[in-house]
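Overview (structure and organization)
The lines below spell out each chain.
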Amino acid sequence: MFIYNTTTKVDHLVLNKWLQWQNQIYIPEVMATGFFTEHRFYKLLEHDDNEGAIYVTQFLMPSKEAYQQYLQQSAPQLQQKALSKWGDKIVSFSTLLQNVQ
């Protein structure tokens, strides 16, 4: 099992709208690509959130090949949509995780 993990800091000025967009638009669009089997969405606790709240979105997939295909076929368009909509009001970075249990 592999996990495409994105951590995002969200400016408090757009937080409620971003949460709505994340749940109603972004996550459904990513899942609709067909590369992922499920998703998880978390709020990071116990951090200084003066500059923004931090959230983690995880998309689970069965193989590293699915991740590579997602990066090539779908990620650029979805990332551009987010950048166009939120600009500098969010800052994100993504990592690939592997379940070792």
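Since the structure is predicted, the reported quantities are computational estimates derived from the model, not experimental observations. (Residues numbered from 1 in each chain as written. Predicted model: local features only at pLDDT ≥ 70, side-chain atom pairs only at ≥ 80, totals over all residues. Heavy atoms only, no water.)

All right, on to helix α1 (residues 15–32) then. Structural remark: α-helix, 3.6 residues per turn; residues separated by three or four positions point the same way. Taking 1.5 Å as the rise per residue, α1 with 18 residues should run 26 Å; its terminal C-alpha atoms sit 24 Å apart, in good agreement. Its maximal kink placed at Gln22, α1 deviates by approximately 45 degrees. Residues of α1 that are buried in the fold lie against β1 (2–10), β2 (38–43), β3 (53–61), α2 (64–73), α3 (75–86) and β4 (90–98). Phi turns positive, to about 85 degrees, at Gly34, one or two residues after α1. (Helix = DSSP H or I, 4+ residues; strand = E, 2+ residues; numbered from the N terminus. Expected span 1.5 Å × (residues − 1). Bend = angle between axes of the 7 residues up to and from the residue. Contact = heavy atoms within 4.5 Å.)

Buried within α2 are the following residues: Ala66, Tyr67 and Tyr70. Take α2 and look down its axis: the buried residues cluster within an arc of 100 degrees, on one side only. Every exposed residue of α2 that faces more than 90 degrees away from the buried side is listed here: Glu65 and Gln72. Close packing links the buried residues of α2 with β1, α1, β3, α3 and β4. (Buried < 20%, exposed > 50% of the residue type's maximum accessible area, 1.4 Å probe, protein only. Arc of directions from axis to C-beta.)

A few words on the sheet that holds β4. Pairing in this open sheet of four strands is antiparallel, and the strands run β2-β3-β1-β4 from one edge to the other. Taken across any chain shown, the strands that pair with only one partner, and hence form the sheet edges, are β2 and β4. Geometrically, the sheet is characterised by an average inter-axis angle of 15 degrees between neighbouring strands, direction not taken into account. Relative to β4, β1 is paired through nine bridges, and the arrangement is antiparallel. Paired with Asn5 across the bridge in β4 is Thr95. (Pairing = 2+ DSSP bridges. Axes fitted to C-alpha atoms, helices over the stretch in contact; angles between N-to-C directions.)

So, about the confidence of the model for the chain. In this model, the chain carries a mean pLDDT of 95, and residues with pLDDT of at least 70 account for 100%. Within the chain, the element-level pLDDT minimum falls on α3, averaging 94, and the maximum on β2, averaging 98. (pLDDT = per-residue confidence, 0-100.)

Counting residues in each nonpolar core, the largest one holds 25 residues, and the members touching the most others are Trp18, Tyr26, Phe36 and Tyr70. Breaking this core down by element, the ones donating at least two residues are β1, α1, β3, α2 and α3. Per element, the largest residue contribution to this core is seven residues, and it comes from α1. (Core = buried A, V, L, I, M, F, W, Y, C linked by side-chain atoms within 4.5 Å.)

What follows deals with the side chain of Asn5. The residue Asn5 is located in strand β1 in this model. A polar contact of 2.8 Å, which involves the side chain of Asn5, links it to the side chain of Gln58. Apart from residues lying up to four places away in sequence, Asn5 is in contact with Val56, Thr57, Gln58, Phe93, Ser94, Thr95 and Leu97. (Polar contact = N/O pair within 3.5 Å; in protein donor to acceptor, adjacent residues only side chain to side chain.)

Moving on: the environment of Ile3. When you line up the elements, Ile3 lands in strand β1. When the C-alpha atoms of Ile3 and Gln98 are compared, they prove to be 6.2 Å apart, with 95 residues separating the residues in sequence. Sequence-distant contacts of Ile3, that is, excluding residues within four places in its chain, are made with Gln58, Phe59, Leu60, Met61, Thr95, Leu96 and Leu97.

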